[in-house]
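Single-letter residue listing:
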Amino acid sequence: PPLRSRSAARRITTKFHALTHSLSSPSLTEADREAKAREVEEMGGRRAYQEASKLNTSIFSTSKWAWGKLSCSGSTAGVPCLVPASSGVDVGGGGSGSSPPKPRRPMKLLEIGAINSDLHSLCLRGNVSSSHIDLRPSEPCVDARDFLDQGYEPGSMDAVVCSMVLNCVPTPGMRA
């Protein structure tokens, strides 16, 4: 049956985070590790966690919150371009009339752990070039990729959104 209760969804996500976090403990015996892994599977595993997360984000949209923060900074209208003076492009600022708008390029946004398509839909409204990834995507606009295996270059994105992602990274070394 589909999950409909936010309190049940919160119990599932809280328990999943606690169990997956405890699995990374170096002091855990192999028997305890197997017992905790069984407990994760008995509660429905990552599938149940994702279903609970979808319900939680349908009630409190982290995507809308992130979009609001990006909009307040002006980023959703694009990022100012650095135009060399030798380019001949008029970037305004001279004369007494109104100056033309400064050139802007699309903001490059990466969403890691895209549980739904909400942020993708919001990005379509702005001057945003976005990528949305998840280990087990449930939406066609989300690519199945592991961020830790992608090798993104520093500075290649203007903004990264990763709500509740670090809680699911299994070891402290991988979270660093």
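Since the structure is predicted, the reported quantities are computational estimates derived from the model, not experimental observations.

J.: Describe the overall build of the protein, and please don't skip the residues or the numbers.
T.: Across its full length, the protein holds six helices and six strands. Mapped from its N terminus to its C terminus, the protein presents α and β elements in the order α-α-α-α-β-β-β-α-β-β-β-α. Within the protein, buried positions represent 30% of all 176 residues. Partitioning the contacts of the protein with sequence separation of at least 6, the portion at a separation of at least 24 is 59%. Within the structure as shown, the protein displays about 10,900 Å² of accessible surface, and the carbon and sulfur contribution to it stands at 56%.

J.: Explain the nonpolar core residue by residue, including any values.
T.: Within the largest apolar cluster, 12 residues are counted, these being A66, W67, L70, V79, M107, L109, L119, L122, C123, V128, A159 and V161. Counting only elements with at least two residues in this core, the list comes to α4 (62-72), β3 (107-112), α5 (118-123) and β6 (159-161). Filtering out sequence-adjacent residues up to four positions away, V79 remains in contact with P103, R104, R105, M107 and D158. Counting residues in each nonpolar core, the second largest holds 10 residues, with A9, F16, L19 and V40 among its members.

J.: With reference to specific residues and values, describe the state of the cysteines.
T.: One pass over the full model with this rule turns up zero disulfides. Left unpaired, C141 is separated from the closest cysteine sulfur, that of C123, by 9.9 Å.

J.: Explain the side chain of N56 to me, using residue names and the numbers behind them.
T.: Tracing the chain through its elements places N56 in helix α3 (residues 45-59). Overall, the relative accessible area of 13% leaves N56 in the buried class. With residues near it in sequence (within four places) discarded, N56 still touches R6, A9, R10 and T13.

J.: I'd like a description of helix α2 (residues 30-42), backed by residues and values.
T.: When the terminal C-alpha atoms of α2 are compared, their 18 Å separation across 13 residues agrees well with the 18 Å that a helix rising 1.5 Å per residue should span. One or two positions beyond α2, positive phi appears at G44, with a value near 110°.

J.: I'd love a proper account of a nonpolar patch on the surface, names of residues and values included.
T.: Together, I59, F60 and W65 make up an exposed nonpolar region whose accessible area comes to about 350 Å². Within the element layout of this structure, I59 appears in helix α3.

So, how was this worked out
Residues numbered from 1 in each chain as written. Predicted model: local features only at pLDDT ≥ 70, side-chain atom pairs only at ≥ 80, totals over all residues. Heavy atoms only, no water. Helix = DSSP H or I, 4+ residues; strand = E, 2+ residues; numbered from the N terminus. Buried < 20%, exposed > 50% of the residue type's maximum accessible area, 1.4 Å probe, protein only. Contact = heavy atoms within 4.5 Å. Areas by Shrake-Rupley, 256 points an atom, 1.4 Å probe, with all protein chains shown as cover. Core = buried A, V, L, I, M, F, W, Y, C linked by side-chain atoms within 4.5 Å. Disulfide = S-S within 2.5 Å. Expected span 1.5 Å × (residues − 1). Patch = residues over 30% accessible without salt bridge, like charges linked within 9 Å, V, L, I, M, F, W, Y side chains within 5 Å. Salt bridge = Lys/Arg side-chain N within 4 Å of Asp/Glu carboxyl O.

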